[in-house]
Amino acid sequence: MNAREWTARRLPSIAPVMNERVVIDHVGHQGDGVAAGAAKAFVPYVLPGETVEIAREGGHARLLKILRASPERIEPICPHFGTCGGCALQHWQEESYRAWKRGLVMDALAREKIEAEIAPLADAHGGGRRRAVLHARRGEGKEIKTGFAGRRSHSIVPIDACPVLASGLSRVFEIGRRVAEILVAKEKPLDLHFTATEGGLDLDVRGSGPVGERLTALLARLAAEEKLARVTRHGETIVQLAEPSLAIGRARVLLPPGAFLQATQAGEDALAKLVLDAAGKAKKIADLFCGVGPFALRLAERAKVLAADSDEPAVSALSRAAKAPGLKPVETLTRDLFRRPLVAAELKGCDAVVLDPPRQGAEAQARELARSKIGKVIYVSCSPATFARDAKILASGGYRLLRVTPVDQFRYSAHVELVGVFER
Ligand SMILES: C[S@@+](CC[C@H](N)C(=O)[O-])C[C@H]1O[C@@H](n2cnc3c(N)ncnc32)[C@H](O)[C@@H]1O
């Protein structure tokens, strides 16, 4: 299929008020093409050098037609690409896509004038994403729509298969539809959070309202038929038929409902290997923003660990898993590290600190580390911008950023993870 056919097939036909012809200069950090010229336009699904026709919509633009396609354009792997909001970049040949993704990390560091060795992008898509959030809503008539959210919208794009998901999630669209038939009574949207675990699928339902006896019985029957491990509503168990657990190193974690997990198993493995390699022979390590413990539990195979996170169910799950035979002691702490970062006295005795904060970064904790005597900081980040900001704070405390490894577990998206190793 050529680029013109691709555009015609995938982009909704509209009658634009003002069409414009632009040339795309580069792909920006959110995955949209940035049109060259005085009035900047952000255009989805395009590539550098392409000439395209667009219609402006506020700060963004709608792609109407590809007039001159890039030789780097390839056929997307999914028929929903272009309407589903999940993927931004299935249409770019691999080498250029990888260079762009690594470039996101390089640019963020350059903006803060931070110099460091940046390793090649590590591919961590592996067997695919192990978590998915489906949305369901009853339409104007009686029909129920289930699928993913559209691009920059709350509309639901009906989906029946997604090539980016792990095989354990292959039935989520059918299961989601069946759950929605039971629970979607009104116009209210339903969010269905699926996680693939070793015990089967774990489903946390949000937005359904209370689930009484009759609906519980229907969900229990569905769970048995579909071999779901557990169904919860906003974290409260409706039915559990198996343990939704995952092995982490020598330990096994029973996942709390809707718990944070790295997007792919390969991503978790790649990040954990980088953390373990950087930790080296450290004898006591603090794992801050530890979640259910993908780093803490592996580190505990060789060192004492102090693990902290604000999510109490995740910390409790980690604490229970850390009792596995053969692990060194893991001390756990439930704490808001934005408001109350660990201070130098609390980190005394630690040779290294691992940080893995959410997108906001770890500004307060970085300030405390800058004041501490800790020799090594291993910073795992999902936001190159906040990582670069915190790296500057660490540098002000005498740390040198030795190397940064970008990790791609969100293939086809504009997200990138990284591991930065600091020493002093
Ligand atoms: C990117 S996740 C990393 C979790 C874990 N390291 C992993 O790899 O699965 C970020 C973690 O930060 C935690 N978190 C978010 N805000 C926090 C805060 N203010 N204080 C402490 N932890 C927080 C979340 O609960 C989550 O577990």
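Rules used throughout
Residues numbered from 1 in each chain as written. Predicted model: local features only at pLDDT ≥ 70, side-chain atom pairs only at ≥ 80, totals over all residues. Helix = DSSP H or I, 4+ residues; strand = E, 2+ residues; numbered from the N terminus. Rg over C-alpha atoms; globule rule 2.2 N^0.38 Å. Buried ≥ 20, exposed ≤ 12 C-beta atoms within 10 Å, placed from the backbone. Contact = placed C-beta atoms within 7 Å. Pairing = 2+ DSSP bridges. Axes fitted to C-alpha atoms, helices over the stretch in contact; angles between N-to-C directions. Core = buried A, V, L, I, M, F, W, Y, C linked by C-beta atoms within 7 Å. Near = placed C-beta within 6 Å. Nonpolar A, V, L, I, M, F, W, Y, C, P; charged D, E, K, R; others polar. Expected span 1.5 Å × (residues − 1). Domains from an automatic or database assignment. Parallel < 35°, antiparallel > 145°, perpendicular 65-115°, else oblique. Left-handed = near helix turned anticlockwise from the far one by under 90°.

**Some points on the overall build of the protein**
Part 1 of the reasoning: When helices and strands are tallied, the protein shows nine helices and 23 strands.
Part 2 of the reasoning: Radius of gyration (C-alpha) of the protein: 23 Å, near the 22 Å computed for a compact globule of 424 residues.
Part 3 of the reasoning: Classification of the 424 residues of the protein by burial places 46% in the buried group.
Part 4 of the reasoning: Considering only intrachain contacts with a sequence separation of at least 6, the fraction spanning at least 24 residues in the protein is 63%.

**Side note on the sheet that holds strand 13 (residues 230–233)**
Part 1 of the reasoning: Reading across the sheet, the seven strands line up as 10-9-8-11-12-13-14 and stay open at both edges, with mixed pairing between neighbours. Across the chains shown, the open sheet's two edge strands, defined by having one partner strand only, are strand 10 (156–158) and strand 14 (236–240). Geometrically, the sheet is characterised by an average inter-axis angle of 35° between neighbouring strands, direction not taken into account.
Part 2 of the reasoning: Pairing analysis gives seven bridges linking strand 11 (residues 190–197) to strand 12 (residues 200–206), with the strands arranged antiparallel. Each bridged residue has a counterpart across the sheet, and for Asp-191 the counterpart in strand 12 is Arg-206.
Part 3 of the reasoning: With respect to the sheet, helix 3 (residues 172–183) is in contact with strand 8 (131–138), strand 9 (144–149), strand 11 and strand 12, its orientation differing from that of strand 9 by roughly 130°.

**Topic: the pairing of strand 14**
A regular strand places its side chains so that they alternate between the two faces of the sheet.
Part 1 of the reasoning: With four bridges connecting them, strand 13 and strand 14 associate as antiparallel partners. The residue of strand 14 that forms the bridge with Val-231 is Val-239.
Part 2 of the reasoning: Counted along the chain from strand 13 to the antiparallel partner strand 14, the turn is two residues long, and its residue His-234 has a positive phi close to 45°.

**Quick word on the nonpolar core**
Part 1 of the reasoning: Core analysis: the biggest nonpolar cluster contains 76 residues, and Val-275, Leu-318, Val-353 and Val-354 have the highest contact counts within it.
Part 2 of the reasoning: When sequence neighbours within four positions are dropped, the list of residues in contact with Leu-318 reads Val-253, Cys-290, Val-292, Gly-293, Ala-296, Leu-297, Ala-307 and Thr-332.
Part 3 of the reasoning: Listed in part, the 53 residues of the second largest apolar core include Val-27, Cys-87, Trp-92 and Leu-169.

**Observations concerning the site of the ligand**
Part 1 of the reasoning: As a structural note, the neighbourhood of the ligand is formed by 19 residues, with Phe-289, Gly-291, Ser-310, Asp-311 and Asp-356 the closest of them.
Part 2 of the reasoning: Among the residues making up the shell around the ligand, the classes are represented as 12 nonpolar, three polar and four charged.

**Some words on helix 5 (residues 265–279)**
An α-helix turns once every 3.6 residues. As a result, residues three or four positions apart point the same way.
Part 1 of the reasoning: Between its first and last C-alpha, helix 5 extends 21 Å over 15 residues, near the 21 Å set by a 1.5 Å rise per residue.
Part 2 of the reasoning: In terms of burial, helix 5 is a largely internal element, 11 of the 15 residues being buried.
Part 3 of the reasoning: Positioned one or two residues after helix 5, Gly-280 has a phi angle of 55°, which is positive.

**Looking at the domain arrangement of the protein**
Part 1 of the reasoning: Each domain of the protein was delimited in the assignment, giving domain 1 (3–73), domain 2 (99–125 + 261–423) and domain 3 (131–246).
Part 2 of the reasoning: Each of domain 2 and domain 3 has a C-alpha centre, and the two are 32 Å apart.

**A word on the packing of helix 8 (residues 363–371) against helix 9 (residues 384–396)**
Part 1 of the reasoning: Put simply, helix 8 and helix 9 touch, their axes get as near as 8 Å, and they point 15° apart. Relative to helix 9, the element helix 8 lies roughly parallel. Of the two elements, helix 8 crosses helix 9, and the hand of that crossing is right-handed. Residues Glu-363, Ala-366, Arg-367, Leu-369 and Ala-370 of helix 8 form the contact with helix 9, whose own contacting residues are Arg-389, Asp-390, Ile-393, Leu-394 and Ser-396.
Part 2 of the reasoning: Split by residue class, the contact of helix 8 with helix 9 holds five nonpolar, one polar and four charged.

**Things to note about unusual backbone geometry**
Part 1 of the reasoning: The phi angle at Tyr-45 is positive, at roughly 60°, despite the residue not being glycine.
Part 2 of the reasoning: Along the chain, Tyr-45 falls in the loop between strand 3 (41–43) and strand 4 (51–57).

**Looking at the environment of Leu-121**
Part 1 of the reasoning: Within the secondary structure layout, Leu-121 lies in the loop between strand 6 (117–118) and strand 7 (122–123).
Part 2 of the reasoning: Look past the residues within four positions of Leu-121 in its chain and what remains in contact with it is Arg-98, Lys-101, Arg-102, Pro-406 and Asp-408.

**With respect to the environment of Glu-94**
Part 1 of the reasoning: Within the fold, Glu-94 resides in helix 2 (residues 94–111).
Part 2 of the reasoning: On the neighbour-count criterion, Glu-94 (11 C-beta atoms within 10 Å) is exposed.
Part 3 of the reasoning: Measuring from C-alpha to C-alpha, the distance between Glu-94 and Ile-74 comes to 9.2 Å, with 20 residues separating the pair along the chain.

**Here's the deal with the packing of helix 3 against helix 4 (residues 213–226)**
Part 1 of the reasoning: It is at 10 Å that the axes of helix 3 and helix 4 come closest, and there the two elements cross at 165°. Taken as axis vectors, helix 3 and helix 4 run roughly antiparallel relative to one another. Between helix 3 and helix 4 the crossing geometry is right-handed. Where helix 3 approaches helix 4, its residues Ile-175, Arg-178, Val-179, Ile-182 and Leu-183 are matched on the opposing element by Leu-215, Leu-218, Leu-219, Leu-222 and Glu-226.
Part 2 of the reasoning: Of the residues belonging to the contact of helix 3 with helix 4, the class tally is eight nonpolar, no polar and two charged.

**Overview of the pairing of strand 15 (residues 245–248)**
Part 1 of the reasoning: On strand 15, burial follows the alternation: Leu-246 and Ile-248 on one face are buried, whereas Ser-245 and Ala-247 on the facing-out side are not.
Part 2 of the reasoning: Hairpin remark: strand 15 followed by strand 16 (residues 251–254), antiparallel, with two residues in the connecting loop; positive phi at Gly-249, about 55°.

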